[in-house]
Amino acid sequence: MEKENILVIGGTGKTGRRIVARLEALGHNIRIGSRSATPIFDWHKPENWDATLAGMDKVYITYQPDLAVPGALESIEQLVKVSKRANVKKLVLLSGKGEREAQLCEQVVIHSGLDYTIVRASWFNQNFSENFLLEPIFDGLVALPQAEAQIPWVDTDDIAEVATKALTEDIHNGQIYELTGQRTLTFKDAVAEIAKASNRDIAFVPISVKEYGDGMRKTGLHEDFIWLIEYLFTEVLGNPELAEVSHDIEKILGRKPIDFSEYAAATAETGIWNKKIAKV
Ligand SMILES: NC(=O)c1ccc[n+]([C@@H]2O[C@H](COP(=O)([O-])OP(=O)(O)OC[C@H]3O[C@@H](n4cnc5c(N)ncnc54)[C@H](OP(=O)(O)O)[C@@H]3O)[C@@H](O)[C@H]2O)c1
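Below: a short report on this structure. Remember, it's a predicted structure, so these values are computed and weren't measured experimentally.

### Observations concerning the pattern of salt bridges
Tallying each qualifying case throughout the model produces 23 salt bridges. Linking Arg 22 and Asp 157 is a salt bridge whose minimum nitrogen-to-oxygen distance equals 3.4 Å. With a gap of 135 residues between them, Arg 22 in helix H1 (residues 16-25) and Asp 157 in helix H6 (residues 156-168) connect regions that are remote in the sequence. On the basis of relative accessible area, Asp 157 is assigned to the partly exposed category, the value being 27%.

This is the structure:
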């Protein structure tokens, strides 16, 4: 296989670092795109993007914090322009299932004139271990809105495996993949699985979006972050399209997706749900 130069934006993040590990194992030359990498890549500093994209054949794109935030569309348009200038051949975009704003960003990549694959993922299992749901799990009390929402949780290891194939195999050019687990679980179901796997008592309390937002405001979280969380809990979790189970992972990988219970068992083994993490 030809060794390629691949830029992984967000290459130290939940999906990115798993993709970097896989691409390196295949012998590709990886550049990480992040604010702490050299050359630096910051979504808020487009003046540096030419240097980061120089010499790259392919790019994996994770936008921060979410493709739904104001300014995301313009940033993706700009990234496409810089990528074309740098003679990048292919873009793989991580997008969000049930997220209409993200789909506008997908269109920019689809119409870029470059080869592309869209990886449209459901909510990640790892939100409970590497993101905002870790602390409530540790505290033994998870209070969230949209208690009834049916979510086909997907594992970031499955996303990474699909994205690695998308980056390295031409057969995935022009495809939009929807990545979900094989069943839906509500937040309460997911918390119950984690409690069982980690042998802990963890309560789930349904609250309203307003109560959730007010609670975040009291802890001094930034308004932009609160807006995003409220958007995700209202628009995305309220979108019936999110609940639809897709079979794309099985089609692409030739095996079933990692089930939430497998994720819960493997993560419980690490002990992460039994020790206090200051901040994620
Ligand atoms: N969580 C979910 O359930 C879910 C579901 C579907 C889609 N998504 C989408 O997934 C994407 C996030 O992907 P992920 O979870 O793999 O990443 P992540 O873990 O959220 O990303 C962290 C990475 O992004 C980098 N980063 C943070 N701010 C940056 C900035 N301003 N400019 C450049 N790099 C920055 C970090 O490095 P530095 O700190 O060094 O910059 C790090 O490499 C989002 O677009 C989200 O909408 C998430």
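Right, picking up where we left off after that structure.
### Section: the nonpolar core
Within the largest apolar cluster, 66 residues are counted, with the highest numbers of intra-cluster contacts made by Ile 76, Trp 123, Phe 128, Phe 187 and Trp 273. Examining the composition of this core, we find that seven residues originate from one element, helix H9 (residues 223-236), more than from any other. If you look at the next biggest cluster of nonpolar residues, it comprises 23 residues, including Ile 19, Ala 160, Ala 166 and Leu 179.

### As for the layout of surface pockets
Space inside the second largest pocket adds up to approximately 170 Å³. In terms of lining, the second largest pocket is formed by Arg 18, Gln 126, Ser 129, Glu 130, Asp 157, Ile 258, Glu 262, Tyr 263, Ala 266, Thr 267, Thr 270 and Ile 272. With five residues, helix H11 (residues 260-270) is the largest single contributor of residues to the lining of the second largest pocket. Among the residues forming the lining of the second largest pocket, the class breakdown is four nonpolar, four polar and four charged.

### Some points on the pairing of strand E4 (residues 90-96)
Extensive coverage of E4 is indicated by the burial of seven of its seven residues. Side chains Lys 90, Val 92, Leu 94 and Gly 96 project from E4 onto one buried face, and the interleaved Leu 91, Leu 93 and Ser 95 project onto a second face that is buried too. Across four bridges, the pairing between strand E3 (residues 58-61) and E4 is parallel. Across the sheet, the residue bridging to Tyr 60 is Val 92, located in E4. Taking the sense of rotation as the criterion, the β-α-β connection linking E3, helix H3 (residues 72-85) and E4 turns out right-handed. For E4 and strand E5 (residues 115-121), the ladder comprises seven bridges, and the chain directions are parallel. Residue pairing in the sheet places Leu 94 in a bridge with Val 119 of E5.

### Some details on unusual backbone geometry
The linkage connecting Thr 38 with the following residue, Pro 39, adopts the cis geometry, with an omega of -5 degrees. Note on placement: Pro 39 falls in the loop between strand E2 (29-33) and helix H2 (49-53). With an omega of -5 degrees, the peptide bond between Gln 64 and Pro 65 qualifies as cis. Note on placement: Pro 65 falls in the loop between E3 and H3. Phi is positive for Asn 87, close to 60 degrees, though the residue is something other than glycine. Position of Asn 87 among the secondary structure elements: in the loop between H3 and E4.

### Re the site of the ligand
Around the ligand, the surrounding shell holds 28 residues, and the nearest of these are Thr 12, Thr 15, Arg 35, Ser 36 and Tyr 63. A distance of 3.0 Å is found between an oxygen atom of the ligand and a side-chain nitrogen or oxygen belonging to Ser 34. Contacts to the ligand include Tyr 63, whose backbone N or O atom sits 2.6 Å from an oxygen atom. Expressed as a share of its isolated accessible area of 920 Å², the protein-covered part of the ligand is 85%. No other element matches the three residues that E4 contributes to the shell around the ligand.

Analysis parameters
- Residues numbered from 1 in each chain as written.
- Predicted model: local features only at pLDDT ≥ 70, side-chain atom pairs only at ≥ 80, totals over all residues.
- Heavy atoms only, no water.
- Salt bridge = Lys/Arg side-chain N within 4 Å of Asp/Glu carboxyl O.
- Helix = DSSP H or I, 4+ residues; strand = E, 2+ residues; numbered from the N terminus.
- Buried < 20%, exposed > 50% of the residue type's maximum accessible area, 1.4 Å probe, protein only.
- Core = buried A, V, L, I, M, F, W, Y, C linked by side-chain atoms within 4.5 Å.
- 1 Å grid on protein atoms, 1.4 Å probe; cavity = no way out; pocket = protein on both sides within 12 Å on 5 of 7 lines; lining within 4 Å.
- Points joined across faces, edges and corners; volume = space filled by probe spheres on them.
- Nonpolar A, V, L, I, M, F, W, Y, C, P; charged D, E, K, R; others polar.
- Pairing = 2+ DSSP bridges.
- Right-handed = clockwise from strand over helix to strand, strands pointing away.
- Near = heavy atom within 4 Å.
- Polar contact = N/O pair within 3.5 Å; in protein donor to acceptor, adjacent residues only side chain to side chain.
- Areas by Shrake-Rupley, 256 points an atom, 1.4 Å probe, with all protein chains shown as cover.

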